[in-house]
Amino acid sequence: MATTDRQATTLALAHALSAAERGLAVIPLSRTKLPALRSPHRDDPDPVGPPCHGECGRFGHGVYDASTDPARIREMFAAAPRATGYGIACGLPPHHLIGIDLDTKNGTDSSAALRELALRHLFTIPATVVVLTPSGGRHLWLSGPPDVVVPNSAGRLAPGIDIRGAGGYLVGPGSRSEHGTYTAAPGTAHLAPAACPPALLRLLLPPPRAHHPTPASAGGHGQGLVQFVLAAHEGQRNTRLFWAACRAYEDGIGPALVDALVEAALNTGLSEREARATIASAARMTGHRP
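The text that follows walks through the structure, step by step, so that each part is easy to find. (Residues numbered from 1 in each chain as written. Predicted model: local features only at pLDDT ≥ 70, side-chain atom pairs only at ≥ 80, totals over all residues. Heavy atoms only, no water.)

Bringing the pairing of strand E5 (residues 138–143) into the picture now. Burial analysis of E5 places 5 of its 6 residues in the buried class, which makes it a mostly covered element. In this structure, strand E4 (residues 130–132) lies alongside E5, joined through 3 bridges in antiparallel fashion. Opposite Val131, over in E5, you have His139 as the bridge partner. Connecting E4 to the antiparallel partner E5 that follows it, the hairpin turn spans 5 residues, and Gly136 within it adopts a positive phi of roughly 100 degrees. (Buried < 20%, exposed > 50% of the residue type's maximum accessible area, 1.4 Å probe, protein only. Helix = DSSP H or I, 4+ residues; strand = E, 2+ residues; numbered from the N terminus. Pairing = 2+ DSSP bridges.)

This part is about the side chain of Ser175. With respect to the element layout, Ser175 can be found in the loop between strand E8 (169–171) and strand E9 (176–177). For Ser175, a relative accessible area of 2% puts it in the buried group. Engagement of the side chain of Ser175 in a polar contact is seen with the backbone nitrogen of Tyr86, the distance being 3.0 Å. Only 2.8 Å separates the side chain of Ser175 from the backbone oxygen of Gly172, close enough to count as a polar contact. Once residues within four sequence positions are removed from consideration, Ser175 is found in contact with Thr84, Gly85, Tyr86, Gly180, Thr181 and Tyr182. (Polar contact = N/O pair within 3.5 Å; in protein donor to acceptor, adjacent residues only side chain to side chain. Contact = heavy atoms within 4.5 Å.)

Helix length check: helix H6 (residues 237–250) (14 residues) gives 20 Å between terminal C-alpha atoms against 20 Å at 1.5 Å per residue, within 8%. Among all positions in H6, only Arg237, Arg240, Leu241, Ala244, Ala245, Cys246, Ala248 and Tyr249 are buried. Among the residues trailing H6, Gly252 stands out with phi positive, at a value near 80 degrees. (Expected span 1.5 Å × (residues − 1).)

Let us look at the pattern of salt bridges. Tallying each qualifying case throughout the model produces 5 salt bridges. The salt bridge partner of Arg247 is Glu250, with a shortest N-O separation of 2.9 Å. Taken together, the residues Arg247 and Glu250, both in helix H6 and 3 residues apart, mark about one turn of the helix. What makes Arg247 partly exposed here is its relative accessible area of 22%. On the accessibility criterion, Glu250 (47% relative accessible area) is partly exposed. Each of the salt bridges in this network shares a partner with another, and the network as a whole consists of Asp259, Glu272 and Arg276. (Salt bridge = Lys/Arg side-chain N within 4 Å of Asp/Glu carboxyl O.)

This part is about helix H2 (residues 70–79). Every buried residue of H2 is listed here: Ile73, Met76 and Phe77. Buried positions in H2, seen along its axis, are confined to an arc of 95 degrees and lie on one side of it. (Arc of directions from axis to C-beta.)

When you line up the elements, His96 lands in the loop between strand E2 (85–89) and strand E3 (97–102). The contact partners of His96, leaving out residues within four places of it in the chain, are Gly91, Leu142, Ser143, Gly144, Pro145 and Pro146.

This part covers the packing of H6 against helix H7 (residues 254–268). Their axes nearest at 10 Å, the elements H6 and H7 cross at an angle of 170 degrees. Compared by their axis directions, H6 and H7 come out roughly antiparallel. Both H6 and H7 take part in a crossing whose hand is right-handed. Facing H6, whose interface residues are Arg237, Leu241, Ala244, Ala245, Ala248 and Tyr249, H7 presents Gly254, Pro255, Leu257, Val258, Leu261, Ala265 and Thr268. Its residues placed into classes, the contact of H6 with H7 shows 10 nonpolar, 2 polar and 1 charged. (Axes fitted to C-alpha atoms, helices over the stretch in contact; angles between N-to-C directions. Parallel < 35°, antiparallel > 145°, perpendicular 65-115°, else oblique. Left-handed = near helix turned anticlockwise from the far one by under 90°. Nonpolar A, V, L, I, M, F, W, Y, C, P; charged D, E, K, R; others polar.)

Two faces belong to every sheet, and in a regular strand the side chains alternate between them. Bridge count for strand E6 (residues 153–158) against strand E7 (residues 161–164) is 3 bridges, and the pairing is antiparallel. Across the sheet, the residue bridging to Ala154 is Asp162, located in E7. The hairpin formed by E6 and E7 contains 2 residues between the paired strands, and Gly160 there has a positive phi angle of roughly 85 degrees.

Membership of the largest hydrophobic core comes to 31 residues, with the highest contact counts inside it found for Val26, Ile73, Phe77, Tyr86, Ile88, Leu97 and Trp141. Contributing elements (two or more residues each) for this core: helix H1 (3–21), strand E1 (26–29), H2, E2 and E8. Counting residues per element, this core draws most heavily on H1, at 6 residues. Contact partners of Ile88, with chain neighbours within four places excluded, come to Leu24, Ala25, Val26, Leu97, Trp141, Gly168, Tyr169, Leu170 and Gly172. Ala244, Ala260, Ile279 and Ala282 belong to the second-largest nonpolar core, a separate cluster that totals 24 residues. (Core = buried A, V, L, I, M, F, W, Y, C linked by side-chain atoms within 4.5 Å.)

Moving on, we get to the environment of Ala189. Following the sequence through the fold, Ala189 ends up in the loop between strand E11 (183–184) and strand E12 (194–195). Put simply, Ala189 and Val130 are 59 residues apart on the chain and 7.6 Å apart in space, counted from C-alpha to C-alpha.

Inspection of the secondary structure puts Thr268 in helix H7. Setting aside residues up to four positions removed in sequence, Thr268 forms contacts with Val229, Leu230, Ala232 and Arg237.

Encoded structure:
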């Protein structure tokens with residue numbers, strides 16, 4: 001490995017340890033801004049149950065490996081010698097971090113869009129940590145309430161504004177990517193993440209949906225399948241829904257469970273069209289008529 005790469009890894013580790021001292025759980029990242037540790041389950045056969053989130057005790061589970069323990073952080077970086085940055089997990093105590101990612105791609109003026117939202121919904125972004133990205137964008141760090149789960153989203157709030165919430169992470173200041181270095185904006189590095197304004201927080205949460213209880217005919221197994229779908233994070237929603245629907249049809253409760261599975265999928269962020277298409281695929285796969 002080139003000396004510059006070793007220096008970048010050493011520097012990233014130092015920044016990650018500093019972030020951990022502030023109560024921010026971290027993981028090592030590669031130059032591509034992706035987790036630097038490969039999944040230990042990449043060669044496993046097709047899973048037959050919920051995906052592992054670190055219960056196996058090995059590294060390589062992305063944001064689920066995030067830690068504030070210096071010894072564990074050093075172990076992760078030792079296992080990822082090509083790491084040049086670190087990610088900060090969102091949604092975890094004590095800060096329950098929410099990241100507002102203001103992008104500059106495709107000519108969008110995300111800063112103007114955020115100002116327009118602030119004027120329309122009567123909130124002000126408080127003084128908080130601001131991280132400048134190599135592409136000219138900004139990450140605003142806000143703190144959320146401990147009893148509220150803010151989901152990840154891309155462009156839902158406004159074009160060019162992505163939200164990093166529970167299950168997501170932000171690239172930490174001092175990280176080096178393929179395009180440059182992430183740096184804290186002058187005068188903000190010493191700040192703690194400011195509380196998210198209530199009016200903005202309401203915009204970040206998915207709208208409440210009517211509750212459709214699991215049909216009694218589906219029994220406890222059906223409720224377990226619904227809960228399995230509800231626990232899905234971004235990137236695994238369709239997979240979990242498809243698996244649960246297959247099990248439901250194989251167990252003879254598929255038709256009775258369709259509406260409850262759709263409702264669960266909607267709560268994870270899938271559209272109704274996506275959800276019903278996935279369930280229909282599961283029905284066909286198991287030899288049933290959708």
